[in-house]
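Report on the structure
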Amino acid sequence: MAGEKAIFITGGASGIGQAVAKLFAARGWRVGLADVNAAGLAATQAMLPAGMATIHVMDVRDRDQWRDALAAFAAASGGRLDVLFNNAGIAVGGQLAGATDDEIDRIVGINLVGVINGARAAYPLLKATPGATLVNTASAAAIYGSSGLALYAAVKFGVRGLSEALDAEWAAEGIKVRVVMPSFIDTPLLDSNVSGTNRTARDSVRAAGLEFTPVDQAAEEIWNGIQRDKVHILIGKTARRLAFAARWMPGALRKQMRRGAIA
């Protein structure tokens, strides 16, 4: 319906995307769910109130698929796009020297180029919707780069920089921009293997004694962050500690990272 607020979510088949979809739908929003995982999209849709969500199987690296998916969603939402949640991403850990060409191309294409594609494709709809917000998922790795996460930090720093720049570029048009910088959210991304090892990212986080933030809590913090007038949405104790250290104790933080924080 034209009067309903509307959110389009990439990476909507699982994890933070799924949790955000559930939260916003429960609060009366129309939801567009996008992902490459058709079965996961159908599962998420089944968790939402009947008739509240459309599903869009798409690869965020494909600009034509972005245009087609947003056009289909706009037809269902009455032309509204109150929030674009640019959330699709993959995790790649391990030393840069051991990364394969495919790993580099995939993480840059999905985690950075995909976010840029989404921002460009959604711009006309965001501009036409009063009070609209672009929300991009980065990471605590965008606060300070960690040993063993060079590729991941690089693309997430890119997402952070894009978000900060667009917050300035689009302010005159009434579009807010937020960047989500979580530490370790308990999602399937943590089960991916660290390149060159038989360990998962989840194993590395546990070994470092760091905390996991429940995915539902992350969704609530994203909801609250959209309402506030701050670009950065920090989620989790580790992200907040890292931001404090990067600002006030950069030398000590550099030494810690050289020892290998969670590599």
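What to know about the overall build of the protein chain
Along the backbone of the protein chain there are nine helices and seven strands. Relative to its full complement of 263 residues, the protein chain shows a buried share of 51%. Taking all contacts inside the protein chain whose residues are at least 6 apart in sequence as the whole, residues at least 24 apart take part in 68%. Here the protein chain has roughly 11800 Å² of accessible surface; of this, 55% comes from carbon and sulfur atoms.

Considering the sheet that holds strand β5 (residues 133-137)
Overall, parallel pairing links the seven strands, which are arranged β3-β2-β1-β4-β5-β6-β7 in an open sheet. In this open sheet, the two strands that pair with only one neighbour each are β3 (53-57) and β7 (232-235). Strand-to-strand, the axes of this sheet are offset by a mean angle of 15 degrees, without reference to chain direction. Here β5 pairs with strand β6 (residues 176-182) via five bridges, running parallel. The residue of β6 that forms the bridge with Thr137 is Val180. Along the sheet face, helix α1 (residues 15-26) touches β1 (6-10), β2 (30-35) and β4 (83-86) and points at about 170 degrees away from the line of β1.

A few points about a nonpolar patch on the surface
Judged by side-chain polarity, Phe244, Trp248 and Met249 come together as a nonpolar surface patch covering roughly 360 Å² of accessible area. Tracing the backbone through its elements, the reader meets Met249 in the loop between α8 (237-248) and α9 (250-259). A relative accessible area of 40% places Met249 in the partly exposed class.

Looking at the pattern of salt bridges
For the coordinates displayed, the defined rule picks out seven salt bridges. Of the charged contacts in the structure, one is a salt bridge between Arg27 and Glu220, with a shortest N-O distance of 3.1 Å. Taken as a pair, Arg27 in the loop between α1 and β2 and Glu220 in helix α7 (residues 215-227) lie far apart in primary sequence, 193 residues in all. Overall, the relative accessible area of 29% leaves Glu220 in the partly exposed class.

Procedures and definitions
Residues numbered from 1 in each chain as written. Predicted model: local features only at pLDDT ≥ 70, side-chain atom pairs only at ≥ 80, totals over all residues. Heavy atoms only, no water. Helix = DSSP H or I, 4+ residues; strand = E, 2+ residues; numbered from the N terminus. Buried < 20%, exposed > 50% of the residue type's maximum accessible area, 1.4 Å probe, protein only. Contact = heavy atoms within 4.5 Å. Areas by Shrake-Rupley, 256 points an atom, 1.4 Å probe, with all protein chains shown as cover. Pairing = 2+ DSSP bridges. Axes fitted to C-alpha atoms, helices over the stretch in contact; angles between N-to-C directions. Patch = residues over 30% accessible without salt bridge, like charges linked within 9 Å, V, L, I, M, F, W, Y side chains within 5 Å. Salt bridge = Lys/Arg side-chain N within 4 Å of Asp/Glu carboxyl O.

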